[in-house]
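# Reading the structure
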Amino acid sequence: MIRLFVAIPIPHEQRQRLKSLCNGVREARWTNEENFHLTLRFIGEVEEPELDNVSAALSMVRSEPFEMTLSGVGHFESRKRVRSLWAGVMPCLPLTVLQERIESVLSRNGLPPDGRKFSPHITLGRMKQGSPEYVRDWLEGNGVFRAPPFVVESFTLFESYRAQTSAIYTPLNEIPLVPQKVNEEIL
Ligand code: 3AM
């Protein structure tokens with residue numbers, strides 16, 4: 001079995017900006033800088049022969065390059081415990097459209113739908129414990145975060161391998177976003 005997800009990798013300059021946010025919460029396990037990404041679709045485990053189908057389906061996605069700006073921070077919690085700290089994205093319609101197209105080709109190729117609402121973010125750190133109160137200072141202190149815009153010119157199918165200390169993400173297929181000709185059929 002192979003564990004897959006689809007994401008937008010973050011360019012070097014923006015990774016540096018994100019890294020500067022990764023401090024000030026003692027219990028957080030911060031993401032390695034080279035692992036910063038924006039998940040478009042978690043696929044999960046598939047049989048290896050299925051990999052080619054998934055990869056080919058993603059290669060069918062047609063979308064234009066677009067500009068994206070990382071902005072703000074937030075957290076996810078479950079059972080009143082903070083699970084992750086993240087940086088957000090300025091509202092970005094082309095990002096939503098790209099995510100919907102990816103969801104659509106994958107479901108047409110037999111993958112069960114991901115029922116969760118798309119909530120674009122870049123995970124900066126994970127936590128096992130900590131009440132929301134505990135990260136309040138971090139959230140308030142970094143609320144004004146904003147990185148320079150960058151152009152998203154591709155998205156990538158990654159393999160995720162959970163090593164003992166951190167995850168190893170291996171790019172398997174980088175799918176370019178190409179300016180559309182007027183009459184080209186859009187998936
Ligand atoms: O981009 P983030 O860090 O939010 O949390 C995992 C990471 O998302 C998520 O997939 C991304 C790449 O590993 N992920 C891992 N297991 C998951 C699961 N069972 C999952 N998302 C949903 N369901």
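Presented here is an overview of the structure given in this document. (Residues numbered from 1 in each chain as written. Predicted model: local features only at pLDDT ≥ 70, side-chain atom pairs only at ≥ 80, totals over all residues. Heavy atoms only, no water.)

It is worth spelling out the overall build of the protein chain at this point. Across its full length, the protein chain holds four helices and 10 strands. Counting helices and strands in the order they occur from the N terminus, the protein chain gives β-α-β-β-α-β-β-β-α-β-α-β-β-β. Computed over its C-alpha atoms, the radius of gyration of the protein chain comes to 17 Å, within 12% of the 16 Å expected for a compact globule of 187 residues. Principal-axis analysis of the C-alpha atoms places the extent of the protein chain at approximately 50 × 35 × 25 Å. By the burial criterion, 43% of the 187 residues in the protein chain qualify as buried. A fraction of 79% describes how many contacts in the protein chain between residues 6 or more apart in sequence connect residues 24 or more apart. Both charge centroids of the protein chain, one from 22 positive and one from 23 negative side chains, sit 7 Å from each other. (Helix = DSSP H or I, 4+ residues; strand = E, 2+ residues; numbered from the N terminus. Rg over C-alpha atoms; globule rule 2.2 N^0.38 Å. Buried < 20%, exposed > 50% of the residue type's maximum accessible area, 1.4 Å probe, protein only. Contact = heavy atoms within 4.5 Å. Lys, Arg positive; Asp, Glu negative; His and termini not counted. Charge placed at Lys NZ, Arg CZ, Asp CG, Glu CD.)

What follows deals with the layout of surface pockets. One number sums up the size of the largest pocket: a volume of about 1000 Å³. For the largest pocket, the lining is made up of 32 residues, of which His 37, Thr 39, Thr 123, Arg 126 and Tyr 169 are closest to its centre. At the level of elements, β1 (2–9), β2 (29–30), β3 (37–46), β6 (81–89), β7 (122–126), β9 (154–162) and β10 (167–176) are the ones that each hand at least two residues to the lining of the largest pocket. In terms of residue count, β3 provides more of the lining of the largest pocket than any other element does, five residues in total. Among the residues making up the lining of the largest pocket, the classes are represented as 10 nonpolar, 13 polar and nine charged. (1 Å grid on protein atoms, 1.4 Å probe; cavity = no way out; pocket = protein on both sides within 12 Å on 5 of 7 lines; lining within 4 Å. Points joined across faces, edges and corners; volume = space filled by probe spheres on them. Nonpolar A, V, L, I, M, F, W, Y, C, P; charged D, E, K, R; others polar.)

Attention now goes to the site of the ligand. As a structural note, the neighbourhood of the ligand is formed by Arg 3, Phe 5, His 37, Thr 39, Phe 42, Arg 116, His 121, Thr 123, Arg 126 and Tyr 169. Here a nitrogen atom of the ligand and a side-chain polar atom of Arg 116 are 3.4 Å apart. Within the contact set of the ligand, an oxygen atom lies 2.8 Å away from a side-chain nitrogen or oxygen of Arg 126. Compared with its free state, where it exposes 490 Å², the ligand has 71% of that area covered by protein. Assessed atom by atom at 2 Å from the grid points, the ligand resides in the largest pocket. Elements represented by at least two residues in the shell around the ligand include exactly β1, β3 and β7. (Near = heavy atom within 4 Å. Polar contact = N/O pair within 3.5 Å; in protein donor to acceptor, adjacent residues only side chain to side chain. Areas by Shrake-Rupley, 256 points an atom, 1.4 Å probe, with all protein chains shown as cover. Sits in = over half its atoms within 2 Å of the grid points.)

Pairing in this open sheet of four strands is antiparallel, and the strands run β2-β7-β6-β5 from one edge to the other. Strands at the two margins of the open sheet, each flanked by one partner only, are β2 and β5 (70–78). (Pairing = 2+ DSSP bridges.)

Moving on, we come to the side chain of Gln 14. Residue placement: Gln 14 occurs in helix α1 (residues 12–19). What makes Gln 14 buried here is its relative accessible area of 3%. In contact with Gln 14, other than residues within four places in its own chain, are Leu 70, Ala 147, Pro 148, Pro 149 and Phe 150.

What follows deals with the sheet that holds β3. Spatial ordering of the open sheet is given by β3-β1-β9-β10, a layout of four strands whose pairing is antiparallel. In this open sheet, the two edge strands, each paired with only one partner strand, are β3 and β10. Each strand axis lies, on average, 25° off the axis of its neighbour in the sheet, ignoring direction. The strands that helix α3 (residues 93–108) touches are β1, β3 and β9; relative to β3, the one it contacts most, it runs at about 10°. (Axes fitted to C-alpha atoms, helices over the stretch in contact; angles between N-to-C directions.)

With that out of the way, let us pick up the packing of aromatic side chains. For any pair of aromatic rings, the description consists of the separation of the ring centres together with the inter-plane angle of the planes. Considering all chains together, one arrives at four aromatic pairs under this definition. Arranged with centres 5.3 Å apart and planes meeting at 15°, the rings of Phe 5 and Phe 158 form a pair that is stacked. Taken together, the positions of Phe 5 in strand β1 and Phe 158 in strand β9 put the pair 153 residues apart, joining distant regions of the chain. Phe 158 carries the same exposure label as Phe 5, and that label is buried. Geometrically, the ring pair formed by Phe 76 and Trp 86 is tilted, given 5.3 Å between the ring centres and 45° between the ring planes. With Phe 76 in strand β5 and Trp 86 in strand β6, this pair connects stretches of sequence that are 10 residues apart. Assessed through its relative accessible area of 29%, Phe 76 is described here as partly exposed. (Phe/Tyr/Trp six-rings, centres within 6.5 Å; stacked < 30°, edge-to-face > 60°.)

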